[in-house]
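A look at the structure
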Amino acid sequence: MRSTRRLVIGLTAAPFAARAQGDRYPDRPVRIVVPFAPGGPTDVMARVLSAGLTAALGQPVIVENRGGGGGNIGAAHVARSAPDGTTLLVVSTGFVVNPSLFRNPGYDPVRDFAPVAELGASPNLVIAGAQSGIRSLADLIAAARARPGGLDMANPGTGSTPHLTAELLRLRAGIEFVQITHASAALAVQSVLGGITPVGVAALPPAQPHILSGAVRALAITSAERWPDLPDVPTMQELGYPGFVSETFQALLAPAGTPPAIIERLERDSLAILAEPATRARLRAAGFGVEPRGPAALAERIAREVPLWRDIIRQAGIPSE
């Protein structure tokens, strides 16, 4: 009887102990690792989140950029970090693409991480420099067909959704591109802006300010519907490519084994930050559709998108690195 009572007391106390662990967290500064250079959409999202979490957690939340390897270096670093909630990862869709693109990315997107929250998503844009003479998607296709070897096409990294979106366009339109890979989304847009590369595909956040200023022309958007802030930009589906929808999602993860109470605290605070009207307006202006979801929905998305992008990579004939 005495041992049974001890078991009952222990089981009853467990939820309170877990909650106390979450309430004590964090007792020191927290790092959010961004596996890309500063200035891209993932970096923008991480910095908005870090400012809100600093206030919510009562400790400094610092963004650390660990670029390289298409995002693999930063992701692998977090996968090997202590599962105590002080080292987190903000990723984009490349996180679920790279296991099909690299023979050894250094991490497993399911085994090595605990999902915290899906933060938002952005469609991609097919863009052209103002001085390129390309004013529409039809112009781009004609220019690609007229140029032996294909048209130079800027992308923000091998395996990024803009890169794979360009590959889908190549396959669907029957044209060729010379993919010009850059170290970040910001650099890819700058290449088109400066006339170094005539066209490119970019996520909405780094491209939208230059489109609104008229320095870069948007030829098409890959969302299911037109973007409210760019109402004159047609969707790929409107332009005769049914089912052509692609987006770059942003997500917050922790190392696998992070205590559930800490995951719950991070989820609660992150979703509360993204629900604030001022934050939503800021992110919308930066090109993000904000539809925050918790760990279960993020885990489902990761499990769904790993094979989805693997199939696209195979169809495009992109070799593993």
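Glancing now at the overall build of the chain. Across its full length, the chain holds 11 helices and nine strands. At 21 Å, the chain has a C-alpha radius of gyration in line with the 20 Å of a compact globule built from 321 residues. Its C-alpha atoms put the chain at 85 × 40 × 30 Å along the principal axes. Here the analysis covers contacts within the chain between residues at least 6 apart in sequence; of these, 77% occur between residues at least 24 apart. As displayed, the chain has an accessible area near 13700 Å², and 56% of this comes from carbon and sulfur atoms. Across the chain, the centroid of the 29 positively charged side chains sits 5 Å from that of the 26 negatively charged ones.

Of all hydrophobic cores here, the largest spans 47 residues; its most connected members are Leu89, Phe95, Phe113, Leu140, Leu169, Phe177 and Tyr241. With seven residues, the top contributor of residues to this core is helix α11 (residues 295-316). If sequence neighbours within four positions are ignored, Phe95 has contacts with Leu89, Tyr107, Pro109, Phe113, Leu253 and Ile302. In this structure, Tyr25, Leu53, Leu88 and Phe288 belong to the second largest nonpolar core, which totals 28 residues.

Right, let's get into the confidence of the model for the chain. Do not read the predicted coordinates in detail wherever pLDDT is low. Summarising the model, the chain shows a mean pLDDT of 91, and 93% of its residues fall at 70 or more. Contacts from residues 13-18, a stretch scored under 50 in pLDDT, to residues over four places away or in other chains number one contact.

Attention now goes to the side chain of Asp269. Position of Asp269 among the secondary structure elements: in helix α9 (residues 260-275). Among the residues examined, Asp269 registers a relative accessible area of 11% and is labelled buried. Within the structure, Asp269 has its side chain in polar contact with the side chain of Arg265 (distance 3.0 Å). Excluding residues that lie within four positions of it along the chain, Asp269 makes contacts with Leu53, Ala56 and Leu57.

Taken as a whole, the largest pocket holds about 420 Å³ of empty space. Around the largest pocket sit 32 residues that line it, and Phe36, Gly70, Pro156, Gly157 and Ser160 are the ones nearest its centre. Within the residue set of the lining of the largest pocket, elements represented by two or more residues are α2 (41-57), α4 (94-101) and α6 (161-173). Among the elements that take part in the lining of the largest pocket, α2 stands out by supplying three residues, more than any other.

Cut-offs and rules
Residue numbers here run from 1 along each chain, matching the order of that chain's written sequence. Only residues with pLDDT of at least 70 are given local features in this predicted model, and only at 80 or more are side-chain atom pairs given and counted; all residues enter the totals for whole chains, interfaces and linings. With hydrogens and water set aside, each side-chain value is computed from the structure's full complement of heavy atoms. Secondary structure elements are defined from DSSP: runs of H or I of at least 4 residues count as helices, runs of E of at least 2 residues count as strands, and each element is numbered from the N terminus. Within these notes, the globule rule equals 2.2 Å times the number of residues to the 0.38 power, and the radius of gyration is based on C-alpha atoms. Working rule for contacts: check all heavy atoms of both residues, and any pair within 4.5 Å makes them a contact. Shrake-Rupley sampling with a 1.4 Å probe provides the accessible areas, and residues are treated as covered by the protein chains on show and by no other component. When charges are tallied, Lys and Arg are placed among the positive residues and Asp and Glu among the negative ones, while His and the ends of the chain are skipped. Lysine's charge is taken at NZ, arginine's at CZ, aspartate's at CG and glutamate's at CD. Remark: nonpolar core denotes a set of buried residues (Ala, Val, Leu, Ile, Met, Phe, Trp, Tyr, Cys) joined through side-chain atoms within 4.5 Å. Throughout, exposure labels follow a simple rule: accessible area from a 1.4 Å probe, protein chains only, divided by the maximum for the residue type, with under 20% read as buried, over 50% as exposed, and the rest as partly exposed. Confidence per residue, as judged by the predictor, is encoded in pLDDT with a range of 0 to 100. Nitrogen and oxygen atoms within 3.5 Å of one another constitute a polar contact, given that in protein one can donate a hydrogen and the other can accept it, and given that sequence-neighbouring residues count only through two side-chain atoms. Only protein atoms enter the 1 Å grid used here, on which a cavity is any set of points holding a 1.4 Å probe that cannot leave and a pocket is any open set flanked by protein within 12 Å on both sides along at least five of seven lines; residues with an atom within 4 Å of a point are listed as lining. Grid points are joined across faces, edges and corners, and a volume is the space filled by probe spheres set on the points.

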